[in-house]
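Remarks on the overall topology
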Amino acid sequence: MYQLLKQIAKTGIVTEPAPHADEALRQLAQRLSEVVLRHFGRALAIRHVDAGSCNGCELEIHAANSPYYNLEGLGIKFVASPRHADLLLVTGPVARNMEQALRRTYDATPEPKLVVAIGDCGCDGGVFGESYASCGRVGNVIPVDVAVPGCPPAPAAILQGILTAVSAGAQGFR
Amino acid sequence: MPARRAAIEPAQLRSACESARARNERLVALWGSDETARSGGFALHLALAGRSGLAWLTVALAREHPRYPGIADIFPSANRMQRAAYDLVGIHAQDSPDHRKWLRHRAWPGGSFPLRKDFDLASRFPASDDRYPYVKVEGEGVHEIPVGPVHAGTIEPGHFRFSIVGEKILRLEERLGYKHKGIEKRFESMTLADGARLAGRISGDSTVAFAWAYAMAAEGASSTQPPRRALVLRAILLEIERIANHLGDLGYLGNDVALAFGFYQFWRLKEDLLRLCAELFGHRYLMDFVVPGGVARDLSSRGAERLLERLASIQTEVASLRSIYDEHAGAQDRFIMTGQVTPELADRLGLCGMAGRASGIGRDLRVDYPVPPYEQLDVRIATQTRGDVAARAAVRFDEFAESLRLIRALVARLEPGEIKVPLATAAGGRCGIGWTEGWRGDVLVALETADGGRIHRLHPHDPSWQNWPLLERAVMGNIVPDFPLINKSFNLSYSGHDL
Ligand code: SF4
């Protein structure tokens, strides 16, 4: 126990400042009202759905949970069920074998809801493209609010995508 | 790479497998191909690992009703591979007790075979029914819990069906294939040079292992000799990949036993390493570094020094984290005797790689068939015999330390020189094999070329194929709440398996 506490004390707080929203990532105009966004901005429940990634994007979502980024400190929490979620974070091209599961997850998520597509695959199908087995980009299957390019996008970029999704956008309110 | 290729008759297949099994050889991979345009029929391929290296056996099959005698009773891991070979190529394993589909769900109908040459990559089918006959477990007090494909945590999609009594798992049945995205078919529309990027994305956490195996296969098929410096750099990166994954998994093993401290500490260290990788190699996970003919970037001597410094500081911290884990009664209580695979079972069913070494299967390509630069390094294998979560954690700790030693030795052997040569043009009909020891286990890439520097057939094989069925066994008799921990301790690939 002593060793454990010593390690914690020695490490200190390593969290870095969060990135700002970036309007360039937005795919659909902000649909949610100021009131909703104000709530989401303080306590955002995210459900991750891997729709067919190579697992690279997942590595960066895990990394975003490391102490450098302190997601919980920003009010962001990953939840176990889409029914508890405000936002879906979707990785991968959508494998046709996952198409139905993704649609169902989207339908199970209560309104108001947001979708952030992660990675080049989520944005445009990436190296896997469209084929007999892949539907390509996430937007081909469910509406996408914000898309974050990168292969995979770094944790700060993922965080930026999430923060963009819950920011006012062109509506301009704060 | 010590590999030989042989053609055998369907009638010889079973006896060849039986004698291989008797010599303690293992089945590395099984796949099919469409040769109708070249020889008139189809083909079944097997890769077997023997004492002297890899044997690639090819069995020519008829054009009409292509079939061969099944071998899953000899090599149990062949079961799912035979089913996948049917789904994709339409070659049938006779007398096999399990003829259910495996990779095919809804995307294409039965009777269509994506890896046949007359099947267009861009084909679309209306989503078909997906009826899959799970094995029913009946008895008093038996309940079924279906989980997935979308899971509660950030993990890849798969379906797990537990049959339980009270809290105890009687049986687990896995269903995979949700991530099938047509990787093998896509390779066939690519040149050898283009394919490298895709190879590095078969399984994102093993990008170096796959990209190197791919490059080795492409270099073999085109008789290209990559420069020595490139080989040393590839090995440095393969060991970094092992370290990064082991750090992440050790963190999650802590997390799954309510020791969030472990997660935060190990993921902080992993992040430190990833950031340095981005600076030195242009990518946090080292994608697109290994290319056919060599590597894409050089490492300066200052860069190498920084790498060694960073690794030394990570090593000091991991040493104290290991003693914290070892002395943490709560963690050890959850780790020990949980999710056990005995050496006997591991041997019988063909457990391989890191999980195999935790169950006493002392195999490691870097030791058994060391390709340059490993032949100079005397890699020390890490093994345990208890085969439980604790053993898989211990192997990770030991391999972490050994990879550090190897990186130091490799940096010391980095001599000035070229890092890349142009990939020679391969004629059609050439073959190449790549085989590397990734962090999870041995990764294989088997390649046959088409004319014009293109790919006729490329089969990438992830060791998860062998190990997924053992996860079903490892959880038996454990309680359902320990499943995430046991699953994490194997950390198998879905994408690398589903392709
Ligand atoms: S964007 Fe890149 S890292 Fe993410 S799933 Fe696609 S290939 Fe993998």
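Residues numbered from 1 in each chain as written. Chains lettered and ligands numbered in written order. Predicted model: local features only at pLDDT ≥ 70, side-chain atom pairs only at ≥ 80, totals over all residues. Heavy atoms only, no water.

This part covers the overall build of chain A. Counting its secondary structure elements, chain A contains six helices and five strands. Reading the secondary structure of chain A in the N-to-C direction produces α-α-β-α-β-β-α-β-α-β-α. On C-alpha atoms alone, chain A measures out to a radius of gyration of 17 Å, which is about the 16 Å that the 2.2 N^0.38 rule sets for 174 residues. Seen through its C-alpha atoms, chain A measures out along the principal axes to roughly 55 × 35 × 30 Å. A burial count over chain A gives 57% of its 174 residues as buried. In chain A, of all internal contacts separated by at least 6 residues, the share reaching a separation of at least 24 is 85%. Of the roughly 7,000 Å² of accessible surface on chain A, a fraction of 54% belongs to carbon and sulfur atoms. Charge centroids of chain A, computed over 15 positive and 16 negative side chains, lie 7 Å from each other. (Helix = DSSP H or I, 4+ residues; strand = E, 2+ residues; numbered from the N terminus. Rg over C-alpha atoms; globule rule 2.2 N^0.38 Å. Buried < 20%, exposed > 50% of the residue type's maximum accessible area, 1.4 Å probe, protein only. Contact = heavy atoms within 4.5 Å. Areas by Shrake-Rupley, 256 points an atom, 1.4 Å probe, with all protein chains shown as cover. Lys, Arg positive; Asp, Glu negative; His and termini not counted. Charge placed at Lys NZ, Arg CZ, Asp CG, Glu CD.)

The helix and strand tally for chain B stands at 16 helices and 14 strands. Here chain B has a C-alpha radius of gyration of 22 Å; the compact-globule value for 499 residues is 23 Å, and the two agree. Expressed along its principal axes, the backbone C-alpha trace of chain B runs to roughly 70 × 65 × 45 Å. Taking all 499 residues of chain B together, 64% fall into the buried category. Here the contacts in chain B between residues at least 6 apart in sequence split such that 69% fall between residues at least 24 apart. A distance of 2 Å separates the average location of the 63 positive side-chain charges in chain B from that of its 61 negative side-chain charges.

Residue and element names in this part refer to chain B. Each domain of chain B was delimited in the assignment, giving domain 1 (1-121), domain 2 (141-179 + 462-499) and domain 3 (225-421). Spacing between the C-alpha centres of domain 1 and domain 2 amounts to 26 Å. Every contact between the two is made by 13 residues of domain 1 and, on the other side, 13 residues of domain 2. Counting the surface lost from both domain 1 and domain 2, the interface buries some 1,100 Å², and carbon and sulfur atoms represent 51% of this. Three residues, R80, W102 and H105, lead the burial of domain 1 against domain 2; their summed loss comes to 55% of the area buried on that side. There are three salt bridges connecting domain 1 and domain 2. Between R80 and E174 there is a salt bridge; the shortest N-O distance is 2.9 Å. (Domains from an automatic or database assignment. Buried area = accessible area lost by both parts, 1.4 Å probe. Salt bridge = Lys/Arg side-chain N within 4 Å of Asp/Glu carboxyl O.)

With 60 residues of chain B at the interface, the matching set in chain A holds 50 residues. Across the chain B to chain A interface the summed buried area is about 4,600 Å²; carbon plus sulfur atoms make up 58%. The three residues of chain B that bury the most area against chain A are V150(B), T154(B) and K181(B), which together make up 14% of that side's buried surface. At the junction of chain B with chain A, the criterion picks out four salt bridges.

All names here are of chain A. A sheet is described by the order of its strands in space; here five strands give the open sequence β2-β1-β3-β4-β5, paired in parallel fashion. The strands lining the two open edges of the sheet, one partner per strand, are β2 (76-78) and β5 (146-148). The sheet shows a mean angle of 25° between the axes of neighbouring strands, direction not considered. With five bridges connecting them, strand β1 (residues 44-50) and strand β3 (residues 87-91) associate as parallel partners. When the sheet's bridge partners are listed, H48 is paired in β3 with L89. Helix α3 (residues 56-64) rests against β1, β2, β3 and β4 (114-118) of the sheet, and its axis sits at about 135° to β3. Along the sheet, helix α6 (residues 155-165) makes contact with β1, β2, β3, β4 and β5, crossing β5 at roughly 170°. (Pairing = 2+ DSSP bridges. Axes fitted to C-alpha atoms, helices over the stretch in contact; angles between N-to-C directions.)

A word on the site of the ligand. Around the ligand sit S53(A), C54(A), G56(A), C57(A), G119(A), D120(A), C121(A), F128(A), G150(A), C151(A), P152(A) and R201(B), and that is every residue in its neighbourhood. Taken together, the residues near the ligand originate from chains A and B. Elements represented by at least two residues in the shell around the ligand include exactly α3 and α5 (119-124) of chain A. Among the elements that make up the shell around the ligand, the one with the highest residue count is α5(A) (three residues). Its residues assigned to classes, the shell around the ligand comprises six nonpolar, four polar and two charged. (Near = heavy atom within 4 Å. Nonpolar A, V, L, I, M, F, W, Y, C, P; charged D, E, K, R; others polar.)

Residue and element names in this part refer to chain B. Strand order in the open sheet formed by four strands is β1-β4-β3-β2, and the pairing between neighbours is mixed. Among the strands making up the open sheet, the edge pair consists of β1 (3-8) and β2 (26-34). Averaged over all pairs of adjacent strands, the angle between their axes in this sheet comes to 20°, without regard to strand direction. Where strand β3 (residues 42-50) meets strand β4 (residues 53-61), nine bridges bridge the pair, whose relative direction is antiparallel. Looking at β4, one finds that L48 is bridged to A55.

Moving on, we get to the environment of Q376(B). All names here are of chain B. By secondary structure assignment, the location of Q376 is in the loop between α12 (365-368) and α13 (389-412). Sequence separation between Q376 and A60 is 316 residues; the distance between their C-alpha atoms is 39 Å. Those residues in contact with Q376, other than ones at most four positions away along the chain, are R228 and R413. A distance of 3.5 Å separates polar atoms of two side chains, one belonging to Q376 and the other to R228. (Polar contact = N/O pair within 3.5 Å; in protein donor to acceptor, adjacent residues only side chain to side chain.)

Let's shift gears to the nonpolar core. The biggest cluster of nonpolar side chains holds 163 residues, and the ones touching the most others in it are F187(B) and I236(B). With sequence-adjacent residues up to four places away left out, F187(B) is seen in contact with G195(B), L198(B), A199(B), I202(B), Y214(B), I455(B), L458(B) and P460(B). Within the second largest apolar cluster, 26 residues are counted, among which are Y69(A), L71(A), L87(A) and A165(A). (Core = buried A, V, L, I, M, F, W, Y, C linked by side-chain atoms within 4.5 Å.)

In this section: the pairing of β3(B). Residues and elements named next belong to chain B. β3 sits mainly inside the fold: nine of its nine residues count as buried. Residues F42, L44, L46, L48 and G50 line one face of β3 and the alternating positions A43, H45, A47 and A49 line the opposite face, and both faces are buried. Summarising the sheet, β2 and β3 pair through eight bridges and their orientation is antiparallel. Following the sheet pairing, A29 is matched in β3 by A47.

The next subject is the pairing of β1(A). Residue and element names in this part refer to chain A. Most of β1 is tucked away, with seven of its seven residues classed as buried. Summarising the sheet, β1 and β2 pair through three bridges and their orientation is parallel. Bridge assignment links A45 to a residue of β2, and that residue is K77. Handedness of the crossover is the feature at issue here: the chain leaves β1, passes through α3, returns alongside β2, and the resulting connection is right-handed. (Right-handed = clockwise from strand over helix to strand, strands pointing away.)

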